[in-house]
Every structure is written in structure tokens, then in C-alpha cells.
Amino acid sequence: QVQLVESGGGSVQAGGSLRLSCVVSGHTASSFAMGWFRQASGKEREFVASIIWAGTRKSYTDSVKGRFTISRDNDKNTLYLEMNRLKPEDTAVYTCAASRHPYGLGPSQGDFDVWGPGTQVTVSS
């Protein structure tokens, strides 16, 4: 059974940086496209970024382009999200997800099959 576990969340001031990690267990990560979603309090979960199995194609939501970078290390079965120039509006629970379609980039939640429990990111002004 595939499981995803995120880490790296925390509290930072606006303008700061964080790097989230998501470890895949139970299956080789290279079988999946992967993505990051986030859900702020009182809001719907939204797409943040995605990456195909080989890491050669990526997709970002407009609000994070130029600030966030998604990457993966299939040898370590790990997905990353490097977040720079963080803003208070980036505050949310960040969740990683895996798609059994290795070239799938989403951005619909329905395109992803397995979800992690999430990690909290809080950005203060």
C-alpha cells in the first residue's frame, strides 16, 4: 500500500523560506506523477504544483510561479517543494499527492490517487 508522509512545515516570517519533503513508501516513487496541494483555513484545497515521474515536466499555479520549485529524487523516493519569498497568504496545510498516471500534471484533485496527511505552513507578516 502506497503511503505519503510530509515534513518540513513550520512558522516563518514573510519573505522567508521553507522546504517541504514528502517520502513515498510501499512503492517506488518513479511510478507516479506527484503534486502538492494546500488548504487554508476556511477555504477549498487548491493545486500548488506538480511534476511528472521523470521530473522533466512541471506545472505551477500562477500565485507561486517564480517563488516555489517542485522537484523529486526518485532514488530517495522523495518529493520536495522549495518555497521562497513566502507571503502570509501562503499559510495553509500543504499536502502531497501521487497520481498513478506517471505523466499526469493535474491540476484537478481527482487526478491524484494517494494523499499524505499534510504539514502546516504558517507565514506571519
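Data block above holds the structure.
Note that this is a predicted model, so its numbers are computed, not measured.

Draft legend 1. Spatial organisation of the overall build of the chain. Along the backbone of the chain there are zero helices and eleven strands. Counting from the amino terminus, the chain carries its helices and strands in the arrangement β-β-β-β-β-β-β-β-β-β-β. Against the globule reference of 14 Å for 125 residues, the chain gives a C-alpha radius of gyration of 13 Å, in line with a compact fold. Projected onto its principal axes, the C-alpha coordinates of the chain cover approximately 40 × 25 × 25 Å. Split into buried and exposed, the 125 residues of the chain put 41% on the buried side. Restricting the contact set of the chain to residue pairs at least 6 apart, pairs at least 24 apart contribute 59%.

Draft legend 2. Region of the structure containing unusual backbone geometry. The omega torsion across G106 and P107 is 10 degrees, close enough to zero to call that bond cis. Phi is positive for N77, close to 55 degrees, though the residue is something other than glycine. Within the element layout of this structure, N77 appears in the loop between β7 (68-73) and β8 (78-83).

Draft legend 3. Summary view of the environment of A40. Relative to the elements of secondary structure, A40 occurs in the loop between β4 (33-39) and β5 (46-51). Taking the C-alpha atoms as reference points, A40 and H101, separated by 61 residues in sequence, lie 27 Å from one another. The contact partners of A40, leaving out residues within four places of it in the chain, are T91 and A92.

Draft legend 4. Seen up close, the layout of surface pockets. Approximately 180 Å³ is the volume found for the largest pocket. A per-class count over the lining of the largest pocket returns two nonpolar, three polar and eight charged.

Draft legend 5. Quick peek at the pattern of salt bridges. Counting across every chain of the model gives four salt bridges. For the salt bridge of E46 with R38, the shortest nitrogen-to-oxygen distance reads 2.6 Å. Assessed through its relative accessible area of 35%, E46 is described here as partly exposed. Given a relative accessible area of 5%, R38 falls into the buried group. With a shortest N-O distance of 2.9 Å, D90 and R38 are connected by a salt bridge. In this pair, D90 is assigned in the loop between β8 and β9 (92-99) and R38 in strand β4, connecting sequence segments 52 residues apart. For D90, a relative accessible area of 1% gives the class buried.

Calculation rules
- Residues numbered from 1 in each chain as written.
- Predicted model: local features only at pLDDT ≥ 70, side-chain atom pairs only at ≥ 80, totals over all residues.
- Heavy atoms only, no water.
- Helix = DSSP H or I, 4+ residues; strand = E, 2+ residues; numbered from the N terminus.
- Rg over C-alpha atoms; globule rule 2.2 N^0.38 Å.
- Buried < 20%, exposed > 50% of the residue type's maximum accessible area, 1.4 Å probe, protein only.
- Contact = heavy atoms within 4.5 Å.
- 1 Å grid on protein atoms, 1.4 Å probe; cavity = no way out; pocket = protein on both sides within 12 Å on 5 of 7 lines; lining within 4 Å.
- Points joined across faces, edges and corners; volume = space filled by probe spheres on them.
- Nonpolar A, V, L, I, M, F, W, Y, C, P; charged D, E, K, R; others polar.
- Salt bridge = Lys/Arg side-chain N within 4 Å of Asp/Glu carboxyl O.

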